Amino acid sequence: MNYNVNEKGYYGEFGGAYIPEMLYPNVEELRQNYLKVMAEPDFKKEFDQLLKDYVGRPSPLYFAKRLSEKYNTKIYLKREDLNHTGAHKINNTIGQILMAKRLGKHRIIAETGAGQHGVATATVCALMGLECIVYMGEIDIARQAPNVARMKMLGAKVMPALSGSRTLKDATNEAIRDWINNPVDTHYIIGSAIGPHPYPDMVTRFQSIISEEIKWQLKEQTGHENPNYVVACIGGGSNAAGTYYHYLHEPEVGIIAVEAAGHGVDSGESAATSVLGKEGIIHGCKTLLMQTKDGQITEPYSISAGLDYPGVGPMHAHLCKTGRAEFMAITDDDAMNAGLELCKLEGIIPAIESSHALAIFKQRTFKSNDVVVVSLSGRGDKDLENYINYFKI
Amino acid sequence: MNRIQNKLQENKKLLSIYFTAGYPSLNDTVSIIQDLEKNGVDMIEIGLPFSDPLADGPTIQASSTDALKNGMTTEVLFKQLKDIRKTVKIPLIIMGYFNPIFQYGVEAFCKKCQEIGVDGLIIPDLPVDVYHNEYQATFERYGLINVFLITPQTSEERINFIDSISKGFIYMVSSASVTGSQSGFGNTQTNYFKRVADMNLKNPQIIGFGISDNKTFTQATTYAKGAIIGSAFIKHLATKGRNNIKEFVTFVAS
């Protein structure tokens, strides 16, 4: 089984580029150039240099001793939370801003849910001196105030998405509309492994630095580059795609994808796409999608602004359908408690998104000698208010 | 011959109107179609509302949201249109996004369209190559004409390919934009209209996006076979209701 994208942009039956003609030239320009540009020595050099000196890579692979003792297994945390701007998102925005520059674009647009991708985009735009417009659902603007402030300080214009559920899905619609209206000079930095081909593949390649590092770091620390499991939370699925990438074709490595169950998978307020979704088309690709019988896209729910997306990236849909990845759904409550537990046991405040991945240890037993690598995709500073309100701190 | 092809042979500039099914009220669909025909409209695009319409501007999106709230679904639309051919003769086109059609089942959808007497489909997010490779045979088996969009950025080579697989008309998007965001045409647009007209394609062109009044209608139809009005008509329905359709059509096409 092949888990990489094929030449037409499909992962098995998922993927493709279902876009209005108005976007065809932009997407086609990217499709024809992204692999070529990424292979250029100059590009690679600049990308690697920025990841090292600006982002602070490699991010540590940390053996979480107390957490491991508690769950009687060997838990390693891939510390993407220690990246500049506080999440894995910057890996991709650095790559895409370099891509945009080489394609001669000088106006950048992005969508954001939790604000991490928006901050990462605003950051690289400031770094490169490019205009930056970030679309964000009105509800997310309210619940992620610190990130909104950061984006503004970095010089980005934050545009509220007022339609639909006023969250990530609608911010994405608005960003796509902006792109339709500005087809020549604008590059759309998509933050997740979603969108029309080549976005899912391009984003995955930029994020694959995560599993590339895990391999040598784990080898250094344990003598083996393959763990028994790699675990990541999934909204659209960019940190997950990066965490899995170099393990996709290593069958002895189990892949675990953690979705947001919200108030419970059957509660009507959930974002667990692998259970609630079926094949459909969203934001330019064929994937698993939460929708009504009639094909209208459903409004998802999660306490985490980064996970309440009604779809998953097409690669993840393929991993789910073929059984390559094991999908689990974690409720708001379990995620919040897992987040607080990490604070108490390891002195690390995780993003609520990442807390979903950590919550699996209460639900699933691992062997005592299993090596489990969890992507700690982001830090929890942006979520402090949510934590405060939830735990009445 | 399909009703669209017949209509295109008429020696006149065509006025096509888009409206969202189930808007302003759920059961307005049929009467709006009848009134449009009665007042001289040549062709109608019936919008199948979608929750996340990427290529639509705020006016049409808002009408879709309202229509969905009113209870419009693919099933309801087909029920409303069941007997439409007893009273309406002009070409009818369903315009909608691909996901609702995909969920209904592409073949079942096409079959239903044929039973009702729908003549064509416009599906903005169904790419030309996916249509060509996967669905063209099905569409044609049920006598449906699929209408493709081109924009000022579409290359000559691609326009020629689209022309080669089109069987009715080409929907020329007037400018790089979502619906309802233009007012009036400048040199850039008229040059583009002229450039495409000079390509002497086998399919005539009908211009959409940015047509809102008699001036823009006349400008567009100087170079093309016809023009499509969407947002401006939805705005008219929103402000004046569905009893003043005659007033709108007269305003645009007199």
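What counts, and where the lines are drawn
Per chain, the residues get numbers from 1 upward, laid out in the order the sequence is written. In the order they appear in the text, chains get letters beginning with A and ligands get numbers beginning with 1. Residue-level local features of this predicted model are given only where pLDDT is at least 70; pairs of side-chain atoms are given and counted only at 80 or more, and the full residue set underlies all totals for whole chains, interfaces and linings. To get the side-chain values, take all heavy atoms of the structure and skip hydrogens and water. Whether two strands pair comes down to DSSP finding at least two bridges between them. In this description a helix means any DSSP run of H or I spanning at least four residues, a strand means any run of E spanning at least two, and both kinds are numbered starting from the N terminus. For helices, the fitted axis covers only the stretch in contact; all axes are lines through C-alpha atoms, and the angles between them, taken along N-to-C directions, range from 0 to 180 degrees. Here, two residues are considered to be in contact whenever any of their heavy atoms come within 4.5 Å of each other. By convention, the term buried area covers the 1.4 Å-probe accessible surface removed from two parts as they join, with the contributions of both added. Any carboxyl oxygen of Asp or Glu that lies within 4 Å of a side-chain nitrogen of Lys or Arg is treated as forming a salt bridge with it. Two N or O atoms count as a polar contact when they lie within 3.5 Å, although within protein this holds only if one can serve as hydrogen donor and the other as acceptor, and sequence-adjacent residues are included solely when both atoms are side-chain atoms. Gly is placed with the polar residues, together with every amino acid not listed as nonpolar (Ala, Val, Leu, Ile, Met, Phe, Trp, Tyr, Cys and Pro) or charged (Asp, Glu, Lys and Arg). UniProt positions are given in the numbering used here, feature names are shortened, and annotations may be inferred rather than shown by experiment. Burial here depends on accessible area, computed with a 1.4 Å probe over protein chains only, as a share of the maximum for the residue type. Under 20% is buried, over 50% is exposed, and the range in between is partly exposed. Angles are sorted into four bins: roughly parallel if under 35 degrees, roughly antiparallel if over 145, roughly perpendicular if 65 to 115, and oblique for all others. In a left-handed crossing the near helix is turned counterclockwise from the far helix by less than a right angle, and in a right-handed crossing that turn is clockwise. Note that the arc is defined by the directions from the helix axis to the C-beta atoms. By the counting scheme adopted, Arg and Lys are positive, Glu and Asp are negative, and His together with the chain ends is not counted. Cysteine sulfurs are considered disulfide-paired once they come within 2.5 Å of each other. Reported domain spans reflect what an automatic or database domain assignment gives.

Re the sheet that holds strand β8 (residues 186–189) of chain A
Residues and elements named next belong to chain A. As summarised here, the arrangement of the four strands in space is β7-β6-β5-β8, forming an open sheet in which the pairing is parallel. Each of the sheet's edge strands pairs with one partner strand only, and the pair in question is β7 (157–161) and β8. On average, each strand axis in the sheet is inclined to that of its neighbour by 25°, with strand direction left out of account. Taken together, the six bridges between strand β5 (residues 107–112) and strand β6 (residues 131–137) define a ladder with parallel strand orientation. From the neighbouring strand, Ala110 faces β6, where its bridge partner is Val134.

Some points on the interface of chain A and chain B
Taken together, the contacts link 34 residues of chain A with 39 residues of chain B. Of the roughly 2,800 Å² buried at the junction of chain A and chain B (both faces included), carbon and sulfur atoms supply 54%. When the buried surface of chain A facing chain B is broken down by residue, Glu21, Met22 and Arg177 of chain A rank first, second and third, together holding 23% of it. Inspection of the region where chain A meets chain B yields two salt bridges. Between Arg158 of chain B and Glu21 of chain A there is a salt bridge; the shortest N-O distance is 2.8 Å. Viewed at the interface, chain B and chain A are joined by 17 residue pairs in polar contact (both at pLDDT 80 or more). Residue assignment for the side of chain A that touches chain B shows that the elements contributing at least two residues are α1 (24–39), α8 (168–181), β11 (278–282) and β12 (285–289) of chain A. Per-element tally for the side of chain A that touches chain B: the top contributor is α8 of chain A, with eight residues. Here the side of chain A that touches chain B is composed, by residue class, of 15 nonpolar, eight polar and 11 charged.

Regarding the UniProt feature "active site" (unreviewed entry) in chain B
All names here are of chain B. UniProt's feature table lists "active site" (unreviewed entry) at Glu45 and Asp56, given in the numbering used throughout. Exposure remark for Glu45: the relative accessible area of 1% places this residue in the buried category. Apart from the residues lying within four places of it in its own chain, the contact partners of Glu45 are Ser16, Ile17, Tyr18, Phe19, Ile93, Met95, Ile122, Tyr171 and Ile228. Residue position: Asp56 is located in the loop between β2 (43–48) and α3 (58–70).

Some thoughts on the packing of helix α4 (residues 74–81) of chain B against helix α6 (residues 106–116) of chain B
All names here are of chain B. In the contact formed by α4 and α6, the axes pass within 10 Å of each other and the chain directions differ by 20°. Classified by the angle between their axes, α4 and α6 sit roughly parallel to one another. Read as a crossing pair, α4 and α6 show a hand that is left-handed. When α4 is examined against α6, the residues Thr74, Phe78 and Leu81 are found in contact with a partner set consisting of Phe109, Lys112, Cys113 and Ile116.

Looking at unusual backbone geometry
With an omega dihedral of 0°, the bond running from Arg57 of chain A to Pro58 of chain A counts as a cis peptide bond. You can see Pro58 of chain A is positioned in the loop between α2 (41–55) and β3 (61–63). At Thr85 of chain A, a residue that is not glycine, the phi angle is positive and equals roughly 75°. Even without glycine at this site, Phe209 of chain B takes up a positive phi of about 75°. Take Phe209 of chain B: it is sitting in the loop between β8 (205–208) and α10 (214–223). Under the relative-accessibility criterion, Phe209 of chain B is labelled buried at 7%.

Quick word on α10 of chain B
Residues and elements named next belong to chain B. For α10, the complete set of buried residues consists of Thr216, Phe217, Ala220 and Thr221. For α10, the angular spread of buried residues about the axis comes to 120°, placing them on one side. Residues of α10 that are exposed and point more than 90 degrees away from the buried face comprise Lys215 and Thr222. Summarising the contacts, the buried residues of α10 are in contact with β1 (14–20), α9 (187–197), β8, β9 (226–229) and α12 (245–253).

Describing the side chain of Lys225 of chain B
All names here are of chain B. With respect to the element layout, Lys225 can be found in the loop between α10 and β9. Despite being buried, Lys225 has no salt bridge partner; Glu10 is the closest side chain of opposite charge, sitting 7.4 Å away. A polar contact is formed between the side chain of Lys225 and the backbone oxygen of Glu10, at a distance of 2.5 Å. Apart from the residues lying within four places of it in its own chain, the contact partners of Lys225 are Leu8, Glu10, Asn11, Lys12, Lys13, Leu14, Pro204 and Gln205.

Overview of the state of the cysteines
By definition, a disulfide links the sulfur atoms of two cysteine residues through a covalent bond. Residues and elements named next belong to chain A. Per the stated rule, a full pass over the model turns up zero disulfides over all chains. In this model Cys343 remains outside any disulfide bridge; the closest cysteine sulfur is found in Cys233, 16 Å from its own. The exposure class assigned to Cys343 is partly exposed, which follows from its relative accessible area of 23%.

Overview of the domain arrangement of chain A
Residue and element names in this part refer to chain A. Here chain A is partitioned into domain 1 (18–50 + 89–203) and domain 2 (56–87 + 207–391). Facing 34 residues of domain 1, the contacting portion of domain 2 comprises 37 residues. A combined buried area of about 2,800 Å² lies between domain 1 and domain 2, and 56% of that area is made up of carbon and sulfur atoms. For the interface between domain 1 and domain 2, the tally reads zero salt bridges. On the surface where domain 1 and domain 2 come into contact, there are 13 residue pairs in polar contact (both at pLDDT 80 or more). In terms of residue count, α8 provides more of the side of domain 1 that touches domain 2 than any other element does, five residues in total. In terms of residue class, the side of domain 1 that touches domain 2 is built from 14 nonpolar, 15 polar and five charged.

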